[in-house]
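Survey of secondary and tertiary structure
Chain by chain, the residues run as shown.
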Number of protein chains: 2
Amino acid sequence: MAAYKNLSVEELKELKTKLDAEFEEVKARGLNLDMSRGKPSAEQLNLSMGMMDVLTSDTDLICQEGVDCRNYGVLDGITEAKQLLADMMEVPKQNIIIFGNSSLNVMYDQIARAMTHGVLGSTPWAKLDKVKFLCPVPGYDRHFAITEHFGIEMINVPMTATGPDMDIVEKLVAEDDAIKGIWCVPKYSNPQGITYSDETVRRFARLKPAAKDFRIYWDNAYGIHHLYEDKQDQLIEILEECEKAGNPNLAYKFSSTSKISFPGSGIAAIASSDENLAEIRKQMQVQTIGHDKVNQLRHARFFGDINGMVEHMRKHADILRPKFDAVLETLDRELGGLEIGSWIAPRGGYFISFDSMEGCAKAIVAKAKEAGLVMTGAGATFPYGKDPKDSNIRIAPSYPTLEDLKVAAEIFVLSVKIVSVDKLLGNL
Amino acid sequence: MAAYKNLSVEELKELKTKLDAEFEEVKARGLNLDMSRGKPSAEQLNLSMGMMDVLTSDTDLICQEGVDCRNYGVLDGITEAKQLLADMMEVPKQNIIIFGNSSLNVMYDQIARAMTHGVLGSTPWAKLDKVKFLCPVPGYDRHFAITEHFGIEMINVPMTATGPDMDIVEKLVAEDDAIKGIWCVPKYSNPQGITYSDETVRRFARLKPAAKDFRIYWDNAYGIHHLYEDKQDQLIEILEECEKAGNPNLAYKFSSTSKISFPGSGIAAIASSDENLAEIRKQMQVQTIGHDKVNQLRHARFFGDINGMVEHMRKHADILRPKFDAVLETLDRELGGLEIGSWIAPRGGYFISFDSMEGCAKAIVAKAKEAGLVMTGAGATFPYGKDPKDSNIRIAPSYPTLEDLKVAAEIFVLSVKIVSVDKLLGNL
């Protein structure tokens, strides 16, 4: 089929009539589908059920350092959990702290502490007139929600195929000392599935920020979440690059097992330099007696080591891959050549990012909802929920069954077509 | 034996020689004992081992609202965990939020949020010149550590046999709007084991603080932690009293299962008014996708309901009671009538509070250490670690075996005697 923009008004109207009829048919089915949430499916969750009774006798509960994990003690994580997550995060074991069930909470706490206590002796941000963060867009809404909550001004930085536009990042952080951080999902990024190039990571490590308390908030949420055996992105390790560049304290790296074991019942971690971690431990000591060591041990025993975890991720991939492929196949088949949208086929992560014609995203999401398909709200991938072009839509293929997903994808492309025709006809 | 203060110098010197000899004998045994930490013993932890495999099939993991607890969702706690902890905390189910593994963390977060966002619209505390907290003393060192961490000035308020001195509390909060809170452990208090009287609780509920954002931080850590079947303290419910007094938002109530199931691997909760909880939920939504629901469900299924939990606490009491009795018996037998110290026999909780003669606590703790017995650091029960009278020592009988504990108690009383004689002889 020809690109929509090359169709005459007459042709567009004819097309509209046909698409509307198709849509009415779908709507009449009274469907209830959801492609909005980056949640693993029940089938994926079942992969980790062996974890539920891996610790059953009191002797099972003693960890490597001889501590009874059922009792108080061990502030920053038991040895075996540190080893497992250090290997997963590609950092030395001594440069990691294990937290509770949520890396988002760890990131929140990092910002909260900077607000009240500053960063390695800097002025607490709450005492400054203005604090700003750089936000590569499209990005993760929950990152933006944290900075918004603390009244931090967010500045959009466009993503490119190799990561955030580093010319802009370098320039902004060098000239404005109110800029205290940047949110990054460096591998299989949310929502685009882009992995930062080696050059991008090295430029990050060599940043010369005006603010001494500037940090890179490196949320490596999808570090081992590949979809394919034969096509895997590689990300070079940021902390080592920072160290080499003479900026050892420049980055905080976050991760968790949320999409490896159980979302909300996994374990999270931060990795950083000795100096950064010492500051975090000092505050942690006031905040808690310790995180859930039984759950740490449960994870360590279940996975055994990083090899066990990588093997486990292959099983996740086997479940996820057909779902991603189904959506991508539908997009290719139905929208290929129409020039009414573009998307990236990711090699990992949880999302497919779709860019419609400008000014169409909200209308597409609304249209899909009419037919019983819930999508992530348009705009969610931008700070303040405001997509300046109203074009980005995040597609989350993981949760529905493959059967439902195929129907959902059809509804989505149909919605895209209808709204695009409306747009071209000047009806929007 | 006569009170030490009535002994002549000659008699004291003679006594000293005898006690020193006894001490040398004990020291020669090279013991390694610990009465410093309010930790359950392994025997107590074994009581909850049934929890470790109570959830093993995927259908087990669905909670009352039909949600798969292994996945994201349910911000403020699953229904069955809310019901269980609401019953434990004697509040309606809708007035509770379930958190992660640590009530200390919940308290920390309350203060942290007040620092950056204020309380129900008040000025963020970080923007104020001075913020103060009232601290009933002796009290819990970790409470004091939180307020100290945030630069909040702490004001000592003496404890009485019925709770904090309410004349002082009422006066201070009414006249100083920089006073934003008070730390309370209202039942079987840490370290004295005192339970606030009905009158004290009612006076708390009727406080007229100058600061609109003043809150009572009511850490009911030992609400169901009785030692005896026939002697149990009763505490009236603070939130209901606040409501009755027309101050519905005045108190935050905290609790956890740390000393019911597993310390560090239990579940914590906050209870408060609708308005206070709405504010907390709003912030929680930014901080986390949700706490560990699998662990919530594990607790709910293991205990069944509040009756199961109360029954479970009887088993804890059966283990703890002989330990408390052993320490109290030693104190009575060895120090009774000597007038060199006083203590309270608690009916619950985790501690026995001992008050030496003024200026002796540090020396007693040091003396005990010489003989291989670790006690909680003298001063720890006061803000900034400063006990103005240097007399309070917290005794934690729960963790050692009964056998070790008996030896530890003997070393303790011997240390008290020696230091007291030194004090009376002017040797300190």
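Conventions and cut-offs
Residues numbered from 1 in each chain as written. Chains lettered and ligands numbered in written order. Predicted model: local features only at pLDDT ≥ 70, side-chain atom pairs only at ≥ 80, totals over all residues. Heavy atoms only, no water. Helix = DSSP H or I, 4+ residues; strand = E, 2+ residues; numbered from the N terminus. Buried < 20%, exposed > 50% of the residue type's maximum accessible area, 1.4 Å probe, protein only. Contact = heavy atoms within 4.5 Å. Areas by Shrake-Rupley, 256 points an atom, 1.4 Å probe, with all protein chains shown as cover. Buried area = accessible area lost by both parts, 1.4 Å probe. Salt bridge = Lys/Arg side-chain N within 4 Å of Asp/Glu carboxyl O. Nonpolar A, V, L, I, M, F, W, Y, C, P; charged D, E, K, R; others polar. Domains from an automatic or database assignment. Polar contact = N/O pair within 3.5 Å; in protein donor to acceptor, adjacent residues only side chain to side chain.

Concerning the overall build of chain A
The helix and strand tally for chain A stands at 13 helices and 13 strands. Expressed as lengths along the three principal axes of its C-alpha atoms, the size of chain A is roughly 75 × 55 × 35 Å. Counting all 428 residues of chain A, 62% fall into the buried class. Restricting the contact set of chain A to residue pairs at least 6 apart, pairs at least 24 apart contribute 76%. Carbon and sulfur atoms make up 48% of the accessible area of chain A, which totals about 15700 Å².

Overview of the interface of chain A and chain B
In this assembly, 56 residues from chain A lie in contact with 56 residues from chain B. Taken over both partners, the interface formed by chain A and chain B buries close to 4800 Å², and the fraction arising from carbon and sulfur atoms is 53%. Interface area lost by chain A to chain B is led by Met52, Arg70 and Tyr72 of chain A, which between them contribute 16%. Counting across the chain A and chain B interface gives 0 salt bridges. By residue class, the composition of the side of chain A that touches chain B is 23 nonpolar, 21 polar and 12 charged.

Quick look at unusual backbone geometry
Residues Val137 of chain B and Pro138 of chain B are joined by a peptide bond in cis, for which omega reads 0°. Inspection of the secondary structure puts Pro138 of chain B in the loop between strand 3 (132-137) and helix 5 (141-149). In this structure, Pro191 of chain B follows Asn190 of chain B across a cis peptide bond, with omega equal to 10°. Mapped onto the elements, Pro191 of chain B comes out in the loop between strand 6 (179-184) and helix 7 (198-205). Unusually for a residue other than glycine, Val74 of chain A sits at a positive phi of about 65°. By the secondary structure assignment, Val74 of chain A is in the loop between helix 2 (42-46) and helix 3 (79-89).

Concerning the side chain of Ser189 of chain A
Residues and elements named next belong to chain A. Among the structural elements, Ser189 can be located in the loop between strand 6 (179-184) and helix 7 (198-205). The class of Ser189 is buried, set by a relative accessible area of 4%. With sequence-adjacent residues up to four places away left out, Ser189 is seen in contact with Met159 and Ile194.

Describing the domain arrangement of chain A
Accessible area lost upon the coming together of the parts serves often as the stated size of an interface. Residues and elements named next belong to chain A. By domain assignment, chain A separates into domain 1 (4-44 + 310-424) and domain 2 (71-304). Placing the centre of domain 1 and that of domain 2 at their C-alpha centroids yields a distance of 30 Å. Between domain 1 and domain 2, the contact holds 28 residues from the first and 33 residues from the second. Considering only the side of domain 1, the residues that lose the most area to domain 2 are Met313, Arg347 and Tyr384, jointly responsible for 26% of the buried surface there. There are 2 salt bridges connecting domain 1 and domain 2. Taking the shortest distance from any N to any O, the salt bridge between Asp233 and Arg347 comes out at 3.3 Å. At the boundary of domain 1 with domain 2, the tally comes to 12 residue pairs in polar contact (both at pLDDT 80 or more). Of all the secondary structure elements, the ones that give two or more residues to the side of domain 1 that touches domain 2 are helix 11 (306-335), strand 11 (352-356) and strand 13 (392-395). At 9 residues, the largest contribution of residues to the side of domain 1 that touches domain 2 is made by helix 11.

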